[in-house]
Amino acid sequence: MKAKVYKSTGSWYQVKAENGQFYNARAKGVFKIEGHTSTNPIAVGDEVDIEIEAVQEESAIIQTIHNRRNYVARVSPHNKRMHHIIASNIDQSLLFATLKEPKTSTGFIDRFLISCEAYHIPAILVFNKADLYKSKEMERFEFLKEIYTKAGYRVKLISVEAGMGLEELKAELMNITTLLSGHSGVGKSTFINHLFPQFNLRTQEVSNWSGKGLHTTTFAEMFDINEQTHIIDTPGVRELGIVDIAKSELSHYFPEMRKLLGDCQFNNCMHINEPGCAVKQQVGIGSVSEDRYVSYLTILDTMEDKKY
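Before going into details, it helps to say that this report is about the structure given with it. (Residues numbered from 1 in each chain as written. Predicted model: local features only at pLDDT ≥ 70, side-chain atom pairs only at ≥ 80, totals over all residues. Heavy atoms only, no water.)

**Some details on the overall build of the chain**
Then, in step 1: Along its length, the chain carries seven helices and 13 strands.
Then, in step 2: Split into buried and exposed, the 308 residues of the chain put 51% on the buried side.
Then, in step 3: A separation of at least 24 residues holds for 63% of the contacts in the chain among residues at least 6 apart in sequence.
Then, in step 4: When the accessible surface of the chain is summed, it comes to about 15,600 Å², and 48% of that surface belongs to carbon and sulfur atoms. (Helix = DSSP H or I, 4+ residues; strand = E, 2+ residues; numbered from the N terminus. Buried < 20%, exposed > 50% of the residue type's maximum accessible area, 1.4 Å probe, protein only. Contact = heavy atoms within 4.5 Å. Areas by Shrake-Rupley, 256 points an atom, 1.4 Å probe, with all protein chains shown as cover.)

Spelled out as structure tokens, the structure:
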């Protein structure tokens, strides 16, 4: 019987079968997915085949995993050489960010967008907590909005607390599967609770001593808004490492740089200080913002090149 994974708690999975029934399922033996060095072979959003184990206990065994259309991963917290798949088979992602309590860094935003670009998942940037923003934060928002809009992303300003921009954002979610991500404390769970109170997700305040949100969601989980509309809430992700991308490919995942790659003098141009670099010529004066270019260099510097 076909089913979809709604929640993973490590060794057990909650799956929803095509008949609408939920089962607690476990994997049959060890799944070796070719070419993947992930710590979790089965992820939320995966389509699987199950065999009912016990009808009364509503338990099942996952027999096979269908091919994924796409997925988003992060570096495994336990092993830097492995990655952890956050969710799969996603139509779009919403990255929640804040400019205050807590402040989201552009480095984190850019790393997340690179992951989405790498797996062809359209991303929307959502800046929450507009009700807390004074003129300094509003200036910063307008600055970032211009940068990311120019790069080809949609940027929204909302306040869950004040009910600002929520209906418009809700309309963006309908009839597709959306991944919600962002640091703890940026208001993801509050947003879901506001729009869909039936889910009643746990939320926590930002811890004063660190300015970082406290960890409330431990595992990714999918929710049905209706039969066609699904959202996946994710753990308050502290860090997204760049996985499965070679240094020479990084510029391909900055859309504003990707458009210029064919104009560089050298095919293997890294856009650092090579002669005839079309990207470098556009920095600060054309389609590539200085901030995004600096972010590219910083990320490039932290990457270990893939060994084949």
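**Concerning helix α3 (residues 166–173)**
Then, in step 1: Those residues of α3 not exposed but buried are Leu166, Leu169, Glu172 and Leu173. Looking straight down α3, one finds that the buried residues subtend no more than 115° of arc, so they occupy a single side. When the buried face of α3 is taken as reference, the exposed residues oriented beyond 90 degrees from it are Glu167 and Ala171.
Then, in step 2: Buried residues along α3 sit in contact with β8 (92–98), β9 (123–128), β10 (154–157), β11 (177–181), α4 (188–195) and β13 (230–233). (Arc of directions from axis to C-beta.)

**Overview of the packing of aromatic side chains**
For any pair of aromatic rings, the description rests on two quantities: the centre-to-centre distance and the angle between the ring planes.
Then, in step 1: Taken as a whole, this structure holds six aromatic pairs when the rule is applied.
Then, in step 2: Ring centres of Tyr6 and Phe22 lie 5.2 Å apart, and the angle between their planes is 90°; this geometry places the pair in the edge-to-face category. Taken together, the positions of Tyr6 in strand β1 (residues 2–8) and Phe22 in strand β3 (residues 22–27) put the pair 16 residues apart, joining distant regions of the chain.
Then, in step 3: Tyr6 gets classed as buried once you look at its relative accessible area, which sits at 5%.
Then, in step 4: Since its relative accessible area comes to 30%, Phe22 is described here as partly exposed. (Phe/Tyr/Trp six-rings, centres within 6.5 Å; stacked < 30°, edge-to-face > 60°.)

**What to know about the pairing of β10**
Then, in step 1: Across four bridges, β9 lies against β10 in parallel orientation. Residue Ile124 lies in a different strand from β10, and its bridge partner there is Arg154.
Then, in step 2: Running through helix α2 (residues 135–150), the crossover from β9 to the neighbouring parallel element β10 is right-handed. (Pairing = 2+ DSSP bridges. Right-handed = clockwise from strand over helix to strand, strands pointing away.)

**Some points on the state of the cysteines**
Then, in step 1: Under the counting rule described, the total for this entry stands at zero disulfides.
Then, in step 2: Counting only cysteine sulfurs, Cys277 is the nearest neighbor of Cys269, a cysteine outside any disulfide, at a range of 3.7 Å.
Then, in step 3: Judged by its relative accessible area of 3%, Cys277 is buried. (Disulfide = S-S within 2.5 Å.)

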